[in-house]
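Residue-level structure breakdown
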Amino acid sequence: PGSDSTTPVNGEIKPKIALITGITGQDGSYLTEFLLDKGYEVHDLSDASSLRRWLDTINPDEVYNLAAQSHVAVSFEIPDYTADVVATGALRLLEAVRSHIAATGRSQIKYYQAGSSEMFGSTPPPQSETTPFHPRSPYAASKCAAHWYTVNYREAYGLYACNGILFNHESPRRGENFVTRKITRAVGRIKVGLQNKLFLGNLQASRDWGFAGDYVEAMWMMLQQEKPDDYVVATEESHTVEEFLEVAFGYVGLNWKDHVVIDKRYFRPAEVDNLKGDSSKTRKVLGWKPKVGFEQLVKMMVEEDIDLAKREKVL
Ligand code: GDP
């Protein structure tokens, strides 16, 4: 085990224990690898009906709440389910942590809440920890509720609880219905001749896209401070969907205009036009900064998706 996670107990090394919800998602997988590398023991919490029992059994030092229905467009189709998982799910976990601490008399457990730049919605950039929220989807409104539940448990019960307000973060493990991965999947498949057209919605939306592998490190850093607080995590650079297309198709020598078809189905009832974070507090207080830049991220995703498409082709 790495020295970061260990505390000597009677001369023995006791690893720190982390409990993660949403471990099978993009962020859960990167966070798990990161924590295992630091010598943590990592558990997944998947059954919401027995949260207290899980906490009592596992006795974690840190809890990371990453579970969500995380797709904005899908949240307009299943708003009730989205609210249950994203908003009430966070409340259930916070309440379980609070009652576990009260019942066992053990000292602090550190709680991380996965917040989202979608909470800023229509509030213009740059967006920081002090920018007002104006959510534009059931997903974003649910994330706002989870944010405030977390602040409330911190203020009401003194819980060490942090909100990470993460701007969009992508990787080759991103779900295929998010625009970045949808594009790089298509580039791979078009390149090897498995597909010719790509159907997309609004190309003018602008996002602050970072690499998920960098962002999970910020989650952990938030829980290693003396006091709990909320932090914006962002690259501070924003690009339109069209710019993402340019770079991704350009990387394999194709012109996106020959392949992209605009399809009304992919426009949202309410759009978030422009997200660009101001993460100066996070950089100053946590000493965090992103390692992977925009072009490097697109290249990494395109390369992996070309390999995937090649494997698909031989099947
Ligand atoms: P979000 O920022 O969490 O909503 O991440 P997404 O990757 O789902 O969407 C980013 C932006 O791309 C949004 O403004 C979408 O409207 C826009 N977009 C344009 N076409 C598509 C599409 O076909 N799928 C998705 N998911 N988004 C699209």
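Conventions adopted
Residues numbered from 1 in each chain as written. Predicted model: local features only at pLDDT ≥ 70, side-chain atom pairs only at ≥ 80, totals over all residues. Heavy atoms only, no water. Pairing = 2+ DSSP bridges. Helix = DSSP H or I, 4+ residues; strand = E, 2+ residues; numbered from the N terminus. Right-handed = clockwise from strand over helix to strand, strands pointing away. Axes fitted to C-alpha atoms, helices over the stretch in contact; angles between N-to-C directions. Contact = heavy atoms within 4.5 Å. 1 Å grid on protein atoms, 1.4 Å probe; cavity = no way out; pocket = protein on both sides within 12 Å on 5 of 7 lines; lining within 4 Å. Points joined across faces, edges and corners; volume = space filled by probe spheres on them. Nonpolar A, V, L, I, M, F, W, Y, C, P; charged D, E, K, R; others polar. Salt bridge = Lys/Arg side-chain N within 4 Å of Asp/Glu carboxyl O. Buried < 20%, exposed > 50% of the residue type's maximum accessible area, 1.4 Å probe, protein only. pLDDT = per-residue confidence, 0-100. Near = heavy atom within 4 Å. Polar contact = N/O pair within 3.5 Å; in protein donor to acceptor, adjacent residues only side chain to side chain. Areas by Shrake-Rupley, 256 points an atom, 1.4 Å probe, with all protein chains shown as cover.

What follows concerns the pairing of strand β4 (residues 41-44). When a strand is regular, its side chains alternate between the sheet's two faces. Direction of pairing for strand β3 (residues 17-21) relative to β4: parallel, over a ladder of four bridges. By the bridge assignment for β4, Ile-17 is matched with Glu-41. Between β3 and its parallel partner β4, the chain crosses via helix α1 (residues 26-37), and the hand of that crossover is right-handed.

What follows is about the sheet that holds strand β12 (residues 231-233). An order of β4-β3-β5-β6-β7-β12 is seen for the six strands of this open sheet, with the pairing classed as parallel. Edge positions in the sheet fall to β4 and β12, since each has one partner strand and no second. With direction set aside, neighbouring strand axes in the sheet form an average angle of 25°. Docked against the sheet, α1 engages β3, β4 and β5 (62-65), running at close to 175° with respect to β3. Contacting β6 (110-116) and β7 (160-166), helix α5 (residues 138-157) runs over the sheet at an angle of about 150° to β7.

Of the pockets and cavities examined, the second largest pocket occupies roughly 180 Å³. Lining the second largest pocket are ten residues, and of these Lys-16, Asp-61, Glu-62, Arg-106 and Gln-108 lie nearest its centre. When grouped by side-chain class, the residues that make up the lining of the second largest pocket number one nonpolar, three polar and six charged.

This paragraph deals with the pattern of salt bridges. Counted under the stated rule, the structure contains 20 salt bridges. Here Asp-305 ties to Arg-181 by a salt bridge, and the two come within 2.8 Å at their closest N and O atoms. A residue pair is termed long-range when its members are at least 10 positions apart, and Asp-305 in helix α10 (residues 294-314) and Arg-181 in helix α6 (residues 179-191) qualify at 124 residues. With respect to burial, Asp-305 and Arg-181 carry one shared label: buried. Linking Glu-312 and Arg-185 is a salt bridge whose minimum nitrogen-to-oxygen distance equals 2.9 Å. Taken as a pair, Glu-312 in helix α10 and Arg-185 in helix α6 lie far apart in primary sequence, 127 residues in all. Of the residues examined, Glu-312 reaches a relative accessible area of 27% and is grouped as partly exposed. Overall, Arg-185 belongs to the buried group, its relative accessible area being 11%. What emerges from the salt-bridge pattern is a single network uniting Glu-176, Arg-181, Arg-185, Arg-189, Asp-305 and Glu-312.

Turning our eyes to something else, we now look at the confidence of the model for the protein chain. Across the protein chain, pLDDT averages 95, with 97% of residues at or above 70. Of all the helices and strands in the protein chain, strand β1 (residues 6-9) carries the lowest mean pLDDT, 57, while β12 carries the highest, 99. At the level of chain-chain contacts, confidence expressed as ipTM amounts to 0.99, with global pTM at 0.95.

Moving on, we come to the site of the ligand. Around the ligand sit 18 residues, and of these Lys-182, Gly-201, Arg-207, Arg-268 and Glu-271 come closest. A distance of 2.9 Å separates an oxygen atom of the ligand from a polar atom in the side chain of Glu-118. Measuring from an oxygen atom of the ligand, one finds a side-chain N or O atom of Asn-168 at 3.0 Å. For the ligand, whose free accessible area comes to 530 Å², the fraction covered by protein is 97%. Secondary structure elements with two or more residues in the shell around the ligand: α6 and β9 (198-200). Per-class residue counts for the shell around the ligand are eight nonpolar, five polar and five charged.

For the bond running from Pro-125 to Pro-126, omega is 0°, close enough to zero to count as cis. Following the sequence through the fold, Pro-126 ends up in the loop between β6 and α5. Of note, Glu-236 is a non-glycine position whose phi angle comes to about 70°, a positive value. Within the fold, Glu-236 resides in the loop between β12 and β13 (239-240). The class for Glu-236 is partly exposed, based on a relative accessible area of 29%.

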